[in-house]
Structures are given as structure tokens and as C-alpha cells.
Amino acid sequence: MASKKPLAAIRGFAMSDLSRQYIGPTWQLAVAAIHRAIADAGLKKSDIDGLLINKSPVATLMDLPMDLLDYAGLKDLTLCGVVEAEGSSGVQMVQQAALAVQAGMAKAVVCVFSDAPIVPGVSTQQAFGMPLPLMGKLGSEAPTGLFGPVAAYALAARRYMHKNKLTEDHLGAVAVACRQWALKNPLAMMKKPLTMEDHHNSPYVVDPFHLFDCSFPVNGAVAVVVTSAASAADGPQPAVYVHGMGQGHRGVTNRRGFENEIEIGARLAGEGAYAMAGVGPKDIDCAQVYDAFTYCILLQLEQYGFVAPGGAGEFVLAGQTAPGGSFPVNTGGGQLSGYYLQGGTPLSEGVMQTRGTAGERQVKHDLVLTAAYGGRMMYHACMITSPHASL
Amino acid sequence: MYDITRIQGWPMPVLNELNRPHFDAMAEGKVLVQHCPDCATWLAPGAFLCENCGSTGVQWRQASGRGEIYSYVVMHRTFDPAFEAMVPYNVCLIELEEGPRLLANVVGVANADLTIGSPVQATFESVGEGLPLLKFKPA
């Protein structure tokens, strides 16, 4: 590996309480996570001079407003804004904070994701039931009845499965591996063992997706404090050094010759991050990726270069991403079996693994890839972190 | 972007200059997509410019209505009351023989018999309270 200095580091990290019940408004969960993350960093509120906010695409600015800084009691910030890049924002916030710290615009930036999709009287199906704009400006989703992320992703998964001759066993293997990790994670919501048979017997939501192909929404918040590498080295927690960052936004082309379901911006995001860190996919010890649906793990394994194109189904079926496998993926259970907090899910597990504080589920963590995406895998952001200041 | 409204009881995109010709043509039984006169690329409707050559001179043009199933799903839950009686219903991504892809329901075939690559032909059916909509049927 080349000798590289980190761009910045995560000095503080915390989460609010997580629940399948309504436990308070989005801003309140955000404030709880912010205050805990500042304490975790060994800092005072007055040390914080930056705030980056990531609200859910299905929430409004009323839910998580700019004046969150007042609710959190932060003053005299030199950086404050909302990062609006859908599900990729969880990682994009850290990237933007790292750039701001490098440029000297801020010294300690709190980045927060918060969401409370579960409110009395509204099912999560209703909360996430909007049509996704797959067809660009046309809007033909609604009249055909293609509503919700489940349908949009199922349509992509079918094409991917057809192309690579995959069956529901390959999707089921992803769900089973994630559940195995979740059983080792005290934060995970799904605590019952899951078999391939359980997966296949769960009802279809949108064929080819069964219930257990879909992630598990919760109410909760995740916050990190991004500082310089030197500052993080002085903190009370193991520093999470950021060595590489990348983004990839490929655009959607709805015509022959372009397979939006198989070639995604993750490839570009990964190439950027690997080049910046001076490493390659073979050097990465584990990956924490956005897994709203089982298919998403398979495709990202290929696009981030961990498995050859078309090979991810067999790789996961062979148990390689599960506990004891050669390449651990979503070691907290991911969004499928852990908790769905959009980009906050891979971010949280990426931090815990890099710190080495993941307890029973801790894996080798010299280099960790954390990746998040938004839309139907349209907007990608990733980072490579390490407990080592130099690689 | 577009907003969703309800026409004749059916969920529809709010029409604008980018998508109106495509939906208006359904009443005349035509599949209207876009075409670039500069590089001869057929484009999926809703294009502001030609994504191949960048030309802003894209034109509306009638497609043959022939195509094949590129991918499909079967909705086992409904997210809108208009579709409640149809569950389980299919939604397919159709690749027209000219190249552009369109989302549509395929009629006249059991959901279990849908396959990627099967040939389909445009057909028009009234939905809701009489709104003509583009569908496809086995060719």
C-alpha cells in the first residue's frame, strides 16, 4: 500500500434510541444523537463549529429544519446546511465535513441523520409508498401502479437475476447472512434466526421480493463528529481515519444498450475512493453497504470490485459474506435485519467496526468500506476508513 | 420532476411540455416517443435533450408499438386504491423495437407466464372512469 495521510477523521459517534414505535419527533431524535456524539467525542457544545443535516427524502424541512442548530443549542457555527442527496447523504455529509475541515472552514462538524417514518396511524408502507421517478421526466410509474421503492427495486432485481441466472435462493442467502450478523448485534431489531425456508415462505410484497428481501424501517438518529486526524487522535475514542472518498452518479438511460439495473454509479464511487486511499478492493477487510433490499448487496459487491460481475449470487450463497466467511458484509445485520436508517445504517456500523468496538461481531478492520446510495441506486457515495493514521 | 394527480379517478402525472404528447397520444391509440433528428437516436419520452449527442432539437415521433418484455414485477400489495381490485397485477418494463423503454401493464397473459424477452404489442384500454391508457399484450 502507498503511504497516505488521512483526509480527516471521525472523532465522535452516537445514536439516539431506536424503535419501531413513535418515540418522539425527528428533530428530537436528532438532538439526542448530536448531544451523545459530542459527549462521545470528549468535546463540549462550544467546540462544535459545523452542522450538516441529512433528512429523509420522505420527510419535510419542517421535520428536520436548518434551525436544528437552535434546538441542539449550537452557536456561532461557521458551517451549517442540509445535505440533500437522498440515501447517499449519510456518507456525503462525512465527505463534505472532511473537505470543510481540510479547507479550514470548520474544526469539528456534527453530521446527523434522523428519521421518524413510524407515526401513529401511518404504516411504513404508506410512508414509503410514493412512486420513484424511474422514467425521468415522464412520470409513467403512477398510472401503471408501480408504487414504492419495493416495486422499483424488484423490477431492477428481476433483470439482474435474469442476466446472471439467479434464483430466489441467491436473494434468500443475502437475507440469511444479514440475519446471522444481526443475532450478534445488540442494536439490531430482528433477533429471530432466519432460514432459507423462512425467507421463501414469507409472503411476496412485490414478486420477486418476499417480505424478507425488504429492509426494516425504524425511528432513530445517527450522528458523528468529524475533525482533523490530529484532533481525533487526541480524543477519548479510537479515531476513525478517512483515507478515501468517492461518489458516482451515472444518470439513467431508458433505452437499449444501457442496463441501469446492472451498471450503477457505485463503480465510479469505488474507483475514486480506492485511488484516493491508494488501495484496491482486495485490500478491504469488510464492507458496510446500503441494503434496502437483498439484491442491492449483490450488485454492490460486484460494482465495488469485491466479486467479478455476475459472481455475487454464488459468493453469498457460499456464505462468504456471513459470519466466518472470507469477506464480511453488513456485520450489524444491515438495513435488512438491523435497522433501516438510510445512509445512517452503513455509517454507524462502519464507525463501530473501524473503531474495533463491534463486540461479538467484530471482524478484521484495518480497512473498511462504507457505502450509501440514493434513488434506485442512482446516487452513490463511499468512503474508506481505518484505525491507522497512515496506510 | 413531476407531481401526481388523479384523472378520471386514476393516478396520473401532472402533464407538462415534457410528457403531455406521450399521454395525449394514448387517446388516439398511438405510442409517441422521441427521436433526435441530428443523430437519429430514438429516446424514451420525457427527454429535454438528446442524451446521445446533446441536441435540444428532439422531436416527437410515433413508434411501431412492437417490443419485448425487458423486466417485470407482480405487485402483491397495493399502494393506491385505484389498483385494489387488480392485486396481484403486473408492471412491466417494455423495450420497444426502436430502443426506448416504457413502463406498462401487460394484459392477456397470466402473471405466472410473463417472461423476459417475450414479444409484445401495444394495445389501449380504458381504466378508471374512461381514461385511455397504453398497455401491451402478447404479440
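Here's what I pulled together on the structure shown here. (Residues numbered from 1 in each chain as written. Chains lettered and ligands numbered in written order. Predicted model: local features only at pLDDT ≥ 70, side-chain atom pairs only at ≥ 80, totals over all residues. Heavy atoms only, no water.)

1. Thoughts on the overall build of chain A
Next up, step 1: Of the regular secondary structure elements, chain A holds 14 helices and 11 strands.
Next up, step 2: A compact globule built from 391 residues should have a C-alpha radius of gyration of about 21 Å, and chain A, at 19 Å, falls within 12% of that.
Next up, step 3: The principal-axis extents of the C-alpha atoms in chain A amount to approximately 55 × 50 × 40 Å.
Next up, step 4: With 391 residues in all, chain A has 64% of them scored as buried.
Next up, step 5: Residue pairs in contact within chain A that sit at least 24 positions apart in sequence constitute 75% of those at least 6 positions apart.
Next up, step 6: Total accessible area on chain A stands at roughly 13200 Å², and carbon and sulfur atoms take up 55% of it. (Helix = DSSP H or I, 4+ residues; strand = E, 2+ residues; numbered from the N terminus. Rg over C-alpha atoms; globule rule 2.2 N^0.38 Å. Buried < 20%, exposed > 50% of the residue type's maximum accessible area, 1.4 Å probe, protein only. Contact = heavy atoms within 4.5 Å. Areas by Shrake-Rupley, 256 points an atom, 1.4 Å probe, with all protein chains shown as cover.)

2. Points about the packing of helix α6 (residues 148-164) of chain A against helix α11 (residues 294-303) of chain A
All names here are of chain A.
Next up, step 1: Where α6 meets α11, the closest approach of the two axes is 10 Å, and the angle between their N-to-C directions is 55°. Comparing the axis directions of α6 and α11 gives the class oblique. Crossing angle aside, the handedness with which α6 passes α11 is left-handed. Along its contact with α6, which presents Tyr153, Ala156, Ala157 and Tyr160, the element α11 presents Tyr295, Cys296, Leu298, Leu299 and Glu302.
Next up, step 2: Here the contact of α6 with α11 is built from residues that sort into eight nonpolar, no polar and one charged. (Axes fitted to C-alpha atoms, helices over the stretch in contact; angles between N-to-C directions. Parallel < 35°, antiparallel > 145°, perpendicular 65-115°, else oblique. Left-handed = near helix turned anticlockwise from the far one by under 90°. Nonpolar A, V, L, I, M, F, W, Y, C, P; charged D, E, K, R; others polar.)

3. As for the environment of Gly67 of chain B
Residues and elements named next belong to chain B.
Next up, step 1: Looking at the secondary structure, you find Gly67 in strand β6 (residues 66-75).
Next up, step 2: The class of Gly67 is buried, set by a relative accessible area of 13%.
Next up, step 3: If sequence neighbours within four positions are ignored, Gly67 has contacts with Ile94, Glu95, Leu96, Glu97, Ser118, Pro119 and Val120.

4. Some words on the pattern of salt bridges
Next up, step 1: Summed over the entire model, instances satisfying the criterion amount to 18 salt bridges over all chains.
Next up, step 2: In this structure, Glu51 of chain B engages Arg255 of chain A in a salt bridge whose closest nitrogen and oxygen atoms are separated by 2.8 Å. A residue pair is termed interchain when its members come from two chains, as with Glu51 of chain B in the loop between β4 (42-43) and β5 (59-62) and Arg255 of chain A in the loop between β8 (240-249) and α10 (266-277).
Next up, step 3: Given the relative accessible area of 37%, Glu51 of chain B is considered partly exposed. (Salt bridge = Lys/Arg side-chain N within 4 Å of Asp/Glu carboxyl O.)

5. So, the interface of chain A and chain B
Next up, step 1: With 41 residues of chain A at the interface, the matching set in chain B holds 47 residues.
Next up, step 2: Taking both sides of the interface into account, the surface hidden between chain A and chain B amounts to around 3700 Å²; carbon and sulfur atoms contribute 60%.
Next up, step 3: Here chain A and chain B share two salt bridges between them.
Next up, step 4: For the interface between chain A and chain B, the tally reads 21 residue pairs in polar contact (both at pLDDT 80 or more).
Next up, step 5: The set of elements that each furnish at least two residues to the side of chain A that touches chain B consists of α5 (141-144), α6 and β5 (204-207) of chain A.
Next up, step 6: It is α6 of chain A that contributes the most residues to the side of chain A that touches chain B, six residues altogether.
Next up, step 7: Considering only residue class, the side of chain A that touches chain B consists of 20 nonpolar, 12 polar and nine charged.
Next up, step 8: Two elements, β5 of chain A and β6 of chain B, share two bridges in a ladder whose sense is antiparallel. Bridge pairing in β6 of chain B links Val206 of chain A to Met75 of chain B. (Buried area = accessible area lost by both parts, 1.4 Å probe. Polar contact = N/O pair within 3.5 Å; in protein donor to acceptor, adjacent residues only side chain to side chain. Pairing = 2+ DSSP bridges.)

6. Some remarks on the environment of Ile48 of chain A
Next up, step 1: Residue position: Ile48 of chain A is located in the loop between α1 (26-40) and β2 (50-55).
Next up, step 2: Along the primary structure Ile48 of chain A and Lys107 of chain A are separated by 59 residues, whereas in three dimensions their C-alpha atoms are 7.4 Å apart.

7. With respect to the sheet that holds β4 of chain B
Sheet strands pair by backbone hydrogen bonding; their relative direction is either parallel or antiparallel.
Next up, step 1: Spatial ordering of the open sheet is given by β4-β3-β5 (chain B), a layout of three strands whose pairing is antiparallel. Strand pairing shows two members of the sheet lacking a second neighbour, β4 and β5 of chain B, which therefore form its edges.

8. Describing the sheet that holds strand β3 (residues 79-82) of chain A
Residue and element names in this part refer to chain A.
Next up, step 1: The strand order across the open sheet built from nine strands is β3-β2-β4-β7-β1-β8-β11-β10-β9, with neighbouring strands paired in mixed fashion. Here the strands that pair on one side only, and so sit at the sheet edges, are β3 and β9 (286-289). On average, each strand axis in the sheet is tilted by 25° relative to the strand beside it, whichever way the strands run.
Next up, step 2: Pairing analysis gives three bridges linking strand β1 (residues 8-15) to β8, with the strands arranged antiparallel. Of the residues in β8, the one forming a bridge with Ile10 is Val240.
Next up, step 3: Where α10 meets the sheet, it contacts β8, β10 (368-374) and β11 (379-386), and its direction lies at approximately 145° from that of β8.

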